[in-house]
There are 2 protein chains.
Amino acid sequence: MGGSSPCASCKLLRRRCAKDCIFAPYFPSDDPLKFAIVHKVFGASNVSKMLQELPEQQRGDAVNSLVYEANARGRDPVYGCVGTISYLQNQVSQLQMQLAVAQAEILCIQMHQDKSYFLQNDLLNIPIPNANSFNKESLYGHDMVS
Amino acid sequence: MGGSSPCASCKLLRRRCAKDCIFAPYFPSDDPLKFAIVHKVFGASNVSKMLQELPEQQRGDAVNSLVYEANARGRDPVYGCVGTISYLQNQVSQLQMQLAVAQAEILCIQMHQDKSYFLQNDLLNIPIPNANSFNKESLYGHDMVS
């Protein structure tokens, strides 16, 4: 951070690293590739402007997201991050479809179960005699009781 | 494309639009914002370099993805596209979890159904006499037949 040990950005840009260098807290001299990739995709001037427009506590997250985006562009020069977004959107669509199918299957099984239950209870509807019907009259006949 | 009618990029950069201007096919003069947002985030020089490194048939897709990324950065200066990726990754995780729960529920219902089926068939296991057992011997007795 400033002085005799320039940050990775100032080293690459071959300039003096000021004490208040906006890059220094996020691009340490021992990780030159981190700045190099961001510089290649966004340009040092744009990164500096973007960071200056943000409050200090958000700059670390912004740098991380810029590094992520720049790496994605390095891996996929045509689609970059948008390729990942497209892939994830497809995955979300497929999962939503699979979930809908699974939920429909659950509903279907439950409806089939309910139908089977009612059918079964109808088929097995053999009336069980009430305990009260086993009275003396039915067992021994009218005459014997009376 | 070149000559008296400069593309949106050359207009913004206040330069002559050459016949072989690399921006002209993708940044028409009637859509100045498209180039402005890309220029603000990536810088004209970087965009030009990125396009030059790609075969012509892929440049259109590359420009579209750069415009998408630049717009995302405009909407969310801290996370840009990475915010969308993070949101989608969370959505994928949640859907995978919901799908796993639904599939477990299906398995559970099916296992319960199988168990009920076997229990039921065990309870109703009243042996039905085989047709062969209704032979003359059983109907009329041994002596009458012999």
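What counts, and at which threshold
Residues numbered from 1 in each chain as written. Chains lettered and ligands numbered in written order. Predicted model: local features only at pLDDT ≥ 70, side-chain atom pairs only at ≥ 80, totals over all residues. Heavy atoms only, no water. Helix = DSSP H or I, 4+ residues; strand = E, 2+ residues; numbered from the N terminus. Polar contact = N/O pair within 3.5 Å; in protein donor to acceptor, adjacent residues only side chain to side chain. Contact = heavy atoms within 4.5 Å. Least-squares fit on C-alpha atoms with pLDDT ≥ 70 in both. Buried area = accessible area lost by both parts, 1.4 Å probe. Salt bridge = Lys/Arg side-chain N within 4 Å of Asp/Glu carboxyl O. pLDDT = per-residue confidence, 0-100. Core = buried A, V, L, I, M, F, W, Y, C linked by side-chain atoms within 4.5 Å. Buried < 20%, exposed > 50% of the residue type's maximum accessible area, 1.4 Å probe, protein only. Arc of directions from axis to C-beta.

Peer 1: Could you give an account of the side chain of B:Asn46, naming the residues involved and the relevant values?
Peer 2: By secondary structure assignment, the location of B:Asn46 is in helix α3 (residues 44-52). One polar contact links the side chain of B:Asn46 to the main-chain carbonyl oxygen of A:Val41, over a distance of 3.2 Å. Within polar-contact distance, the side chain of B:Asn46 engages the backbone oxygen of B:Phe42 at 3.1 Å. Those residues within four positions of B:Asn46 in sequence are excluded, and the remaining contacts are A:His39, A:Lys40, A:Val41, A:Phe42 and A:Gly43.

Peer 1: Let's hear about the relation of the copies chain A and chain B: which residues, and what values?
Peer 2: The two copies are related by a screw operation: chain A maps onto chain B through 180 degrees of rotation and 0.0 Å of translation along the axis, at an RMSD of 0.1 Å. On the angle and the small slide along the axis, the relation comes out as a two-fold axis. Considering only C-alpha atoms, the part of chain A nearest the rotation axis is A:Phe42, at 2.2 Å. Comparing contact sets, 100% of the residues at the interface of chain A also lie at the interface in chain B, consistent with an isologous, same-surface contact.

Peer 1: Which residues make up the interface of chain A and chain B, and what are the values?
Peer 2: At the junction of the two partners, chain A supplies 42 residues and chain B supplies 42 residues. The junction of chain A with chain B conceals about 3700 Å² of combined surface from both sides, 66% of it contributed by carbon and sulfur atoms. If you look at where chain A meets chain B, you find 2 salt bridges. A:Glu69 serves as the salt-bridge partner of B:Arg73, at 2.5 Å between the closest nitrogen and oxygen. Looking at the side of chain A that touches chain B, the elements that each hand over two or more residues are α2 (32-41), α3 (44-52), α4 (56-75) and α5 (80-123) of chain A.

Peer 1: Talk me through the environment of A:Gln113; I want residue IDs and the actual numbers.
Peer 2: Checked against the element boundaries, A:Gln113 lands in helix α5. Leaving out residues up to four positions away in the same chain, A:Gln113 has contacts with B:Ile109, B:His112 and B:Gln113.

Peer 1: Outline the confidence of the model for chain A, supporting the account with residue identities and numerical values.
Peer 2: All names here are of chain A. For chain A, the average pLDDT comes to 84, and 77% of its residues sit at 70 or higher. Within chain A, the element-level pLDDT minimum falls on helix α6 (residues 136-145), averaging 46, and the maximum on α4, averaging 97. A low-confidence stretch, residues 136-146 stays under pLDDT 50, and its non-local contacts, those more than four residues away or across chains, total 7 contacts. On the interface metric, ipTM, the complex scores 0.76, and its pTM is 0.75.

Peer 1: Before we move on, could you go through the nonpolar core and cite the residues and values that matter?
Peer 2: Of all hydrophobic cores here, the largest spans 50 residues; its most connected members are A:Phe23, A:Phe27, A:Phe42, B:Phe23, B:Phe27 and B:Phe42. Sorting the residues of this core by element identifies α1 (8-13), α2, α3 and α4 of chain A together with α1 (8-12), α2 (32-42), α3 and α4 (56-75) of chain B as the ones contributing at least two each. Once residues within four sequence positions are removed from consideration, B:Phe42 is found in contact with A:Val41, A:Phe42, A:Asn46, B:Val47, B:Met50, B:Leu66, B:Glu69 and B:Ala70. One finds A:Cys81, A:Leu88, A:Val92 and B:Ala102 within the second-largest nonpolar core, a separate group that totals 22 residues.

Peer 1: Give a description of α2(B) that names residues and reports values.
Peer 2: Among the residues of α2(B), those classed as buried are B:Phe35, B:Val38, B:Val41 and B:Phe42. The arc enclosing the buried residues of α2(B), seen along the axis, measures out at 140 degrees, which places them on a common side. Structural note: α2(B) exposes B:Leu33 and B:Lys40 on the side pointing more than 90 degrees away from its buried face. Contacts from the buried residues of α2(B) go to α2 and α3 of chain A together with α1, α3 and α4 of chain B. Positioned one or two residues after α2(B), B:Gly43 has a phi angle of 85 degrees, which is positive.

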